[in-house]
Amino acid sequence: MSATIMNGKEVAAQVKSELKQEVAKLNREYVQPGLAVLLVGNHPASETYVKAKEKAAAEIGIRSFLIRYPETVSQAELLHRVEQLNQDPQVHGILVQLPLPKHIHVQTVIDTIDPQKDVDGFHPLNIGSMQVGKEALLPCTPFGILQLLKQYKVDLQGKHAVIVGHSHIVGRPMATLLLNENATVSVCHIYTQNLKEMTRMADILIVAVGKKHLITSDMVKPGAVVVDVGINREEKRIFGDCDFESIKDIASYITPVPGGVGPMTISMLLHNTLLAARTQVKELATV
Ligand code: GUN
């Protein structure tokens, strides 16, 4: 039996069309949602991601402001710009594309973003709110994965979710969101011993490592739900962290690469930008 493919591109398009109507509603209230994207240097993958984010924003009527800096920009200059954007009423969301050059302390930059404009959901205040189950701007990739799983009616409660990768962008917030859904969660990473023993226990396997085909079919329990967050470029082709071709014959659901998690991430960024705009407009109305 072959797995059901979880079509992120299709679900993301559906989300975008709903968000487009929300933008029109905000426009009728004389609000034009705006997203500022800071891009430092010219990291090829970052260039691609930022282009995709700008295109998606334009499609649904969100204004985006791309602010570019050379690799040599000082941390002070970057922080100063973030502080200006925090005060700018035309900007409802601020995204600093990662990675940043080594001389810039990433956490200091994230800490400077107004939590209400933190559409990446990386600010400690948003992470804390997510942890206690309060409304928050949620990190786009794990949030998008959760929406995709819900769209395909994947049952999470009591299921063993095994996450491979403990990054701040994906693995850790994914664990929190799945715990909030009452899944039993294990987080594996580069120091995990006997990875295969762990992954074979997964009802839901989420892989965000950045290593082409790290997960092979012998590491997957028959009937598991497999979510591949990997984007590994090789001679203009993109490969996931999972060996899709062999795993699709034993999994019950699987995401493709490309066309799985990536488009969902972008749609959640747009969702967060609208949520941020609505929150900020509401606050203005009550002061
Ligand atoms: N680099 C890779 N993924 C992301 C993301 O989700 N947000 C930002 N800001 N940078 C990234």
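Structure: see above.
Residues numbered from 1 in each chain as written. Predicted model: local features only at pLDDT ≥ 70, side-chain atom pairs only at ≥ 80, totals over all residues. Heavy atoms only, no water.

(A) Examining the overall build of the protein more closely. Regarding its fold elements, the protein presents ten helices and eleven strands. Taken against the 2.2 N^0.38 rule, which gives 19 Å for 287 residues, the C-alpha radius of gyration of the protein at 19 Å falls within 12% of a compact globule. In terms of principal-axis extent, the alpha carbons of the protein reach across some 55 × 40 × 35 Å. The buried share of the protein, taken over its 287 residues, is 49%. Counting only contacts in the protein whose residues sit at least 6 apart along the sequence, the fraction spanning at least 24 positions is 72%. Carbon together with sulfur atoms contributes 54% to the accessible area of the protein, which is approximately 14200 Å² in total. Computed over 29 positive and 29 negative side-chain charges, the inter-centroid distance for the protein is 3 Å. (Helix = DSSP H or I, 4+ residues; strand = E, 2+ residues; numbered from the N terminus. Rg over C-alpha atoms; globule rule 2.2 N^0.38 Å. Buried < 20%, exposed > 50% of the residue type's maximum accessible area, 1.4 Å probe, protein only. Contact = heavy atoms within 4.5 Å. Areas by Shrake-Rupley, 256 points an atom, 1.4 Å probe, with all protein chains shown as cover. Lys, Arg positive; Asp, Glu negative; His and termini not counted. Charge placed at Lys NZ, Arg CZ, Asp CG, Glu CD.)

(B) Structural context of the sheet that holds strand β2 (residues 34–40). Spatial ordering of the open sheet is given by β3-β2-β4, a layout of three strands whose pairing is parallel. Since the sheet does not close on itself, it has two edges, and those belong to β3 (63–69) and β4 (93–96), each with one partner. Across the sheet, the mean angle from the axis of one strand to that of its neighbour is 15 degrees, orientation sign disregarded. Where β2 meets β3, seven bridges bridge the pair, whose relative direction is parallel. Residue pairing for β3: Leu38 is matched across the bridge by Ile67. (Pairing = 2+ DSSP bridges. Axes fitted to C-alpha atoms, helices over the stretch in contact; angles between N-to-C directions.)

(C) Looking closely at helix α7 (residues 171–180). Counted residue by residue, α7 has seven buried out of ten residues, so it is predominantly covered. Those residues of α7 lying buried are Gly171, Pro173, Met174, Ala175, Thr176, Leu177 and Leu178. Looking at the buried positions of α7, the neighbouring elements they touch are α5 (124–131), α6 (140–151), β5 (160–164), β6 (184–188) and β7 (204–207).

(D) Here's a closer look at the environment of Val106. Structurally, Val106 can be placed in helix α4 (residues 106–112). In this structure Val106 comes out as partly exposed when scored by relative accessible area, which is 30%. When near neighbours in sequence (up to four residues on either side) are disregarded, Val106 contacts Leu98 and Leu100.

(E) Just the pairing of strand β8 (residues 225–228), in detail. Burial along β8 is two-sided: the residues Val225 and Val227 and Val226 and Asp228 are all buried. Pairing of β7 with β8 involves four bridges; the strand directions are parallel. If you follow Ile204 over to β8, its bridge partner there is Val225. Note that β8 and strand β11 (residues 253–254) share two bridges and pair parallel. Along β11, the bridge assignment pairs Val225 with Tyr253.

(F) Representation of the site of the ligand within the structure. All residues in the neighbourhood of the ligand are listed as Lys53, Leu95, Val96, Gln97, Leu98, Asp120, Phe122 and Ile169. In this structure, Asp120 approaches the ligand through a side-chain N or O atom, which is 2.6 Å from a nitrogen atom. For the ligand, whose free accessible area comes to 280 Å², the fraction covered by protein is 83%. Its residues placed into classes, the shell around the ligand shows five nonpolar, one polar and two charged. (Near = heavy atom within 4 Å. Polar contact = N/O pair within 3.5 Å; in protein donor to acceptor, adjacent residues only side chain to side chain. Nonpolar A, V, L, I, M, F, W, Y, C, P; charged D, E, K, R; others polar.)

(G) Focus on α5. For α5, the complete set of buried residues consists of Asn126, Ser129 and Met130. Buried residues of α5 fall within an arc of 100 degrees about the axis and therefore sit on the same side. Contact partners of the buried residues in α5: α7. Trailing α5 by a residue or two, Gly133 shows a phi angle of about 80 degrees, which is positive. (Arc of directions from axis to C-beta.)

(H) Broad picture of the sheet that holds strand β1 (residues 4–5). Taken in spatial order, the six strands make up an open sheet running β1-β11-β8-β7-β5-β6, and their pairing is parallel. Edge strands, defined here as strands with exactly one partner in the open sheet, are β1 and β6. On the sheet, α7 packs against β5, β6 and β7 and is oriented at approximately 170 degrees with respect to β5.

(I) Fine view of the nonpolar core. With 53 residues, the main nonpolar core has Ile62, Ile145, Leu149, Leu178, Ile206, Val227 and Val229 as its most contacted residues. For this core, the element with the most residues is helix α10 (residues 261–286), which contributes nine residues. Dropping the residues within four chain positions of it, Ile145 is found in contact with Met174, Ile206, Val227, Val229 and Val261. (Core = buried A, V, L, I, M, F, W, Y, C linked by side-chain atoms within 4.5 Å.)

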